[in-house]
Amino acid sequence: MKVSLNWLKQYLNLDGLNPEKVGEILTDIGLEVESIERTESIKGGLAGVVVGHVLEREKHPNADKLSVTKVDIGTGSLLNIVCGAPNVAAGQKVLVATVGTTLYPTEGDPITLKKGKIRGEDSEGMICAEDELGLGHDHAGIMVLPEDTPVGQSAKDYFQLEEDHLIEIGLTPNRSDATNHLGVARDLAAALKINYGHTGLVCVPEVEKFKVDNHSLPIAVSVENTEACPRYSGVVIKGITVGESPDWLKRRLQAVDVRSINNIVDITNFVLHELGQPLHAFDLDEIKGRQIIVKTLPAGSKFLSLDEVERTLHAEDLMICDGDSTGMCIGGVFGGLNSGVKDSTVNIFLEAAHFSPTYIRRSSMRHNLRTDAAKVFEKGSDPNVTVFALKRAALLMQELAGGEIASELIDIYPNPVAPREITVKYSYVNGLLGVALSPAEMEEILVAQGMSILASDEQTFTVAVPTNKADVLRPSDIAEEVLRIYGFNRVEISEKFSISAALAPNPDPSLVRNAIGDFLAASGFNEIMAVSLSQSRYYRQALKSIADEELVYINNTSNAQLDIMRPDMLISGLEAIVHNQNRQQTRLRLFEFGKVYRFKGEGAIDEKAQLSLFLSGDRYGKSWLMKSPFEGSSNKTPYFTLKGYVQNILSRLGYEGYQETVLENDERFAYGLTYHRGQQVLATFGRVSGQMVKELGVRNEVYAAVFEWDKLLKSLRKQNVTYQEVSKFPATSRDLALIIENSVKFSDIAAIARKVGKKLIKDITLFDVYENAQQLGEGKRSYAVSYWFEDAEKTLEDKEVDKVMNQLINEYETKLGALIRR
């Protein structure tokens, strides 16, 4: 938020405080100053430009269109200046830029004047035109001042130019009381009174002179949606003259980067930045039926806004309508093209309302209209300032545009908002803040901020919180208000520290996560942190297996497309891959620890932690060491690379002896595996389906894995990682070639082997798959399987190994219908 220091001084005496000190105090009270910039109403401040008196004017001897002048600027010596203006004449009072002065013309680059010769004649300055000084666009001739203008007076003093300081405040969303200059002045005054001996007096504009002149232009107002508009105030002003604003008003608006439009609109903007109450002026003669209706219109209704854009309305957009229910303005957000003030406007209806922050923010974000008014309303404007602001603006309009108040002041306020009453213990405040303030000190601080102490005893006090402080709701907020003004820097740091021993969970989730993260980072992965929001359209088009009833919808006003909490991790990872591919990063190794969300019935939401891995692009970076594809090698990331990472992570966590199941009918993966213990899934991985890859615009194949992190951690509590001595005894292997039906999976073969030889078989490997219908028969294939035998206590004999192999062969023949190739 931008604050003008000169504007602040209009309400608060800041004598003796330089801009830097003001900024320091504002930061101390929670209004963090991000920058302080010195500003001038005219760039350069017309430094070096003075009033001169042309004493002589002669024609230039060497140029028909130039003149040679003698000019007195009050220094005791005359300046010889060559001038090209056709209107220069002896006896004139003019503006002279002296040698060394830098001018900032209305158009073009800055000019620094030097002493020199022009067509052979000395020139010691420049007699200036309006555009050369940056005062306007006129270049027809030099500026001629009144005859009584003092010679030698600086142009800055002549034009009464202001030097100001623009203070940029990083206003937090909760500070509804500080969205305006008067609110900042009140906060600053409280700090000055408590800590610097200031009177704390704030000069509030007077509105006592407001009166209704007549009732010649009555208007009917009705509010149909009091939830969206709890208070609506307005008045008719008749016989105004729309024109240019006076310089003082222009300077105030220019100081906070608001463009001057005309006196009526400028006053509404001035009051907004002064009091924090947005106003809107309607051309009364454009209001059909001379009736105002505040309501929502059916979804899909059209509205032509001030920027000449036709907008399609949402059912929750609050509209200010005329008697025909035609929208004239999106309430609190943006005006309409035809109902606003024009140069020809004579009569206006001036509106001051309090709108619901929720309605305003949603409409503002929905239509991407981030106006100053919307920003104030969405923080929570003061419902009890509308009438005061209306009177303030009406008086200014009568002063600057003429006219008379031609209707009763309308104020529809069915449920008045009273100051919130909060009871607090003195000991609670001191305990929370770590200070020892007396009851009198606390009460003085709160009263300095405009709060009232309703009741108090030795232990507690009850305070009435003004309605402009929408964020002060509970005792801890009162404590914060005390601390802001008392000063964070005044809280002493204790020399003693009390430390309590805490029992860390076993295993510690953060340590386990860091261990796996370190392992993946060391393996070339990069961690991503995707937003936990997603687009529901993905789950209607690419992941239809997740029912719509399971999706957790949200009302995201900042980005309407991200309308659900993500129900899985795959979409987020694929979006990250697309983002990187669009920036020429195609070899990707990504992982993410995150959460997924689904409805599980009766309004309950199932929130689960997961770990996801993603591999895409080449297996290795480009290198001359890699053989070309024409030499029989491939650099594409294989499925088994991902499988290795999955197994390594489970091994790192101490998981052994889990089962695997081939994925079937899982629309997320074209193929893959699930590792599980009984019904408990540990991880699912494979090649992401082509439909999902295509839907999200990924250009390469993607391999992904999803670990059920919550389940892994829960089981890890029972999982003891133990030391196992390397066997001193030799291992041996046996191979089998099995002809089986195509429907039989390797996982079936491996499961039988683990069951039969669970004490001796340490590893099972599929090292060849052969298919030939003529030799093996239709629908059959040959698997070549290797079994690795080992006993940790002795050297195995052939008969022991043969016994297990015979049992395996018998199981394969009876249960799988296998034919053993001997």
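Below you will find a few notes about this structure. (Residues numbered from 1 in each chain as written. Predicted model: local features only at pLDDT ≥ 70, side-chain atom pairs only at ≥ 80, totals over all residues. Heavy atoms only, no water.)

Attention shifts here to the pairing of strand 21 (residues 327-330). Pairing geometry for strand 20 (residues 318-321) and strand 21, over 3 bridges, is antiparallel. When the sheet's bridge partners are listed, methionine 319 is paired in strand 21 with isoleucine 330. Remark: 5 residues form the turn of the hairpin made by strand 20 and strand 21, two consecutive strands paired antiparallel; serine 325 in that turn has positive phi of roughly 60 degrees. Two elements, strand 21 and strand 22 (residues 334-335), share 2 bridges in a ladder whose sense is antiparallel. (Pairing = 2+ DSSP bridges. Helix = DSSP H or I, 4+ residues; strand = E, 2+ residues; numbered from the N terminus.)

Following the sequence through the fold, valine 482 ends up in helix 12 (residues 475-486). C-alpha of valine 482 to C-alpha of leucine 433: the two residues are 49 residues apart in sequence and 9.0 Å apart in space. Apart from residues no more than four positions distant in its own chain, valine 482 is found in contact with Val429, Leu433, Leu437, Ile445, Leu446 and Gln449. (Contact = heavy atoms within 4.5 Å.)

Counted according to the given criterion, the structure contains 15 aromatic pairs. Clustering of aromatic rings is evident, with ring pairs tying together Tyr639, Phe640, Tyr658, Tyr671, Tyr675 and Phe685. The ring of tyrosine 486 is capped by arginine 490, whose NZ or CZ atom sits 4.0 Å from the centre of that ring. (Phe/Tyr/Trp six-rings, centres within 6.5 Å; stacked < 30°, edge-to-face > 60°. Lys NZ or Arg CZ within 6 Å of the ring centre and 35° of its normal.)

Right, let's talk about helix 2 (residues 19-28) for a bit. Among the residues making up helix 2, those that are buried are Pro19, Val22, Gly23, Ile25 and Leu26. Buried residues of helix 2, viewed axially, fall in a sector of 165 degrees; they line one side. Buried residues belonging to helix 2 abut helix 1 (5-9), strand 2 (33-40), strand 13 (163-169) and helix 4 (181-196). One or two positions beyond helix 2, positive phi appears at glycine 30, with a value near 95 degrees. (Buried < 20%, exposed > 50% of the residue type's maximum accessible area, 1.4 Å probe, protein only. Arc of directions from axis to C-beta.)

Moving on, we get to unusual backbone geometry. With a phi close to 55 degrees, arginine 119 is a non-glycine residue in the positive phi region. Tracing the backbone shows arginine 119 in the loop between strand 9 (116-118) and strand 10 (121-123). What makes arginine 119 exposed here is its relative accessible area of 54%. The phi angle at glutamine 160 is positive, at roughly 55 degrees, despite the residue not being glycine.

Any functional reading would require information beyond the geometric quantities listed.
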